[in-house]
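Observations on the model geometry
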Amino acid sequence: MSKEILPQNELIRVGGLTKDFGPFRAVNAVSFGVRKGEILGFLGPNGAGKSTTMKILTGFIPATAGEAWVEGFSVQKDSLETRRRIGYLPESSPAYPEMTVEEFLLFVAECRRINPRKNRQKRVEEILSLCFLQDVRKQTIDTLSKGYKQRVGFAQAVIHDPPVLVLDEPTDGLDPNQKQEVRKIITGMAKEKAIILSTHILEEVEALCSRLIIIDRGKILVDETPAEFRQRHEQHNRFRIGIEGIEISEAAAKLKKQDFAGSVATEGQTLLVKAPGRESIESALLKFCQQEQWSLKSFRKESGRLDEVFRQLTNPQA
Amino acid sequence: MQQVKPLFKREFAGYFRSPVAYVFSVVFLASAAILTFFPGQFFESNEASLRTLFQFFPWIFLLMAPAICMRLWAEEKRSGTWELLFTLPLTTVEAVLGKFLAAWAFFTIAILLTFPMVVTVAYLGTPDWGPIFTGYLGAILMGGSYLAICSLASALTRNQVIAFVLSFLICLVLLFLGIGLVNDLMGTLLPWWLAEGISQFSFLSRYEALMIGLLPVGDILFFILLGLFALATTVLVLER
Ligand SMILES: Nc1ncnc2c1ncn2[C@@H]1O[C@H](COP(=O)(O)OP(=O)(O)OP(=O)(O)O)[C@@H](O)[C@H]1O
Ligand SMILES: [Mg+2]
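Below you will find a few notes about this structure. The residue numbers shown here count from 1 along each chain, following its written sequence. To read the labels, note that chains go from A and ligands from 1, taken in the order they are written. Only residues with pLDDT of at least 70 are given local features in this predicted model, and only at 80 or more are side-chain atom pairs given and counted; all residues enter the totals for whole chains, interfaces and linings. Just so you know, side-chain values use all the structure's heavy atoms and leave hydrogens and water out.

**Regarding the sheet that holds strand β3 (residues 39–43) of chain A**
All names here are of chain A.
- We call two strands paired when DSSP finds no fewer than two bridges between them. Helix and strand definitions here come from DSSP, where helices need a minimum of 4 consecutive H or I residues and strands a minimum of 2 consecutive E residues; each element is numbered from the N-terminal end. Ordered by their spatial adjacency, six strands build an open sheet running β6-β7-β8-β3-β9-β10, and the pairing between neighbours is mixed. Strands at the two margins of the open sheet, each flanked by one partner only, are β6 (86–89) and β10 (219–224). With strand direction ignored, the average angle separating the axes of adjacent strands in the sheet is 15°.
- Pairing analysis gives four bridges linking β3 to strand β8 (residues 194–198), with the strands arranged parallel. Each residue of the ladder has a partner; that of I39, found in β8, is I195. As a rule, the C-alpha atoms of each element are fitted with a line to give its axis, helices using only the stretch in contact, and angles between N-to-C directions run from 0 to 180 degrees.

Here's what the structure looks like:
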């Protein structure tokens, strides 16, 4: 058993991970780490290699090159040790259709060595209520709706309270209320765990994740916090000021002379002022408007829309 | 190895959840009975033995084993549940064994359901219990080899129909190797030692001695080793 000491509470470390399917490179030298308490959002267009990376990390398929560690254990060399520490929700949450929800969870709990039987039953009870599955506990999985099936997949992933969670599109197919509930459960568990989740919903990343990675055609494009990501938008930190009682071009000319205004444009009776850097210019701008005694009709800070940044990055021709 | 148990339990219970299990038990029993009483001339033979039943087992198993095993791995692959299975802390050996043992247990139950025939024999005359015992033992062992081969075939594909056909063909070859006609043909085409060697691999000739009340170590080992070989290959296939 080889144990690597990972830096700074890192529960997951992935280094130079590469996966080839024949001549096609699905994952290309992907490296990242996830610390305890972090929720890492995995984003990228369809076919980017998110699920493939997760399958390697959870030990389902071997990597062509590179390594992955979970709590210091190598996924390749100590597969059983790492699998014990991971809770995994595969894409589209596969489950045995002929089993009831309760039977299925008991089965997973037994495979996870939650013993003896009494503890197992208690744990399944807890999980059923945590994931709002009590109503369907006696129903066979093939009769469940998509959202319920998804929750069963989530339930089996967290049943052994693992230090590492790998969730492939955990809120896919859930209604808005349930999405919210699942996000709450994930945030509630986050403090003691390292969590990776993939999603196509950018608001989810903002609401949930402390970091995000964007992967496209197998390569990592971005690895930063959602706030940093937002700043990539060209309209980030831009102010829309509607004014009255003064010629708009005159006001714009005055503003342009100020240091805090990076660029100034007009749109009807509205001034569009963009900061030169990343710091907010809100107070300086307000003060200036007061000095000039402009009567303001509106004053609004714009912030970059995540999905627009995402599109710019992953779809350059658009 | 302790993780074999949950897999065995799940798989075994699965047989009783699906109608397939009942359908095949009934088909098996019906075909066993029909073959024994009509072409086998159970009553006319005027013998208090189950030989007429046993001699049809290798042929009935040819359909029954592929039917029991076709979904074993193919269905896991098709529905994606093997991703779940192989990311649980289990070894591939445990998974293969758990599933195989469940299939074998179900199969053994089906065989033992021919028990009314034993009762009939005991009622009609005073049977020789030796051949009855070895006949059943041999059938269960032979069934194990059949099932192990079918489990291998099922691990090779994600399509149950292909798994069935593949299993059927492999078992058919292993069966035909022991038929006199095929042996004669091989004898004329191949050097005698090769023909002789190949005919050793036949289910039919290996079951012969067990049917008449002997306990030949070689034949018993053959079934066990063939089964283990097929299971080990299944493990290799699943681990890619
Ligand atoms: N077993 C396989 N054989 C060949 N190619 C594969 C295999 N699995 C995945 N791929 C390819 O690898 C690429 C990455 O797939 P992956 O499932 O990781 O994408 P993803 O980022 O999860 O996409 P999505 O958002 O659609 O879930 C795709 O182009 C896919 O076709
Ligand atoms: Mg995916």
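**What to know about the packing of helix α2 (residues 19–37) of chain B against helix α7 (residues 92–112) of chain B**
All names here are of chain B.
- Running from amino to carboxyl end, α2 crosses α7 at an angle of 40°, the nearest separation of the two axes being 10 Å. Taken together, α2 and α7 sit at an angle that is classed as oblique. When the axes of α2 and α7 are compared, the crossing they make is right-handed. Together, A21, S25, F28 and L29 of α2 and F106, A110 and I111 of α7 make up the contact between the two elements. Each angle receives one of four descriptions, namely roughly parallel if under 35 degrees, roughly antiparallel if over 145, roughly perpendicular if within 65 to 115, and oblique otherwise. Take the far helix as the reference: if the near one is turned anticlockwise from it by less than a right angle, the crossing is left-handed, and if turned clockwise, right-handed. Contacts are residue-level and defined by heavy atoms, with any inter-residue pair within 4.5 Å sufficient.

**Section: the packing of helix α9 (residues 129–155) of chain B against helix α14 (residues 217–239) of chain B**
All names here are of chain B.
- Contact geometry of α9 with α14 gives a least axis separation of 8 Å together with a crossing angle of 15°. Between α9 and α14, the crossing angle belongs to the class labelled roughly parallel. The interaxial crossing formed by α9 with α14 has left-handed handedness. Across from L141, M142, S145, A148, I149, S151, L152 and A155 in α9, the residues of α14 making contact are I220, F223, I224, L226, G227, A230, L231, T233, T234, V237 and L238.
- Tallied by class, residues from the contact of α9 with α14 come to 14 nonpolar, five polar and no charged. Each residue is assigned to one of three groups, with Ala, Val, Leu, Ile, Met, Phe, Trp, Tyr, Cys and Pro labelled nonpolar, Asp, Glu, Lys and Arg labelled charged, and all others, Gly among them, labelled polar.

Spatial relationships are all this shows, so hold off on functional conclusions.
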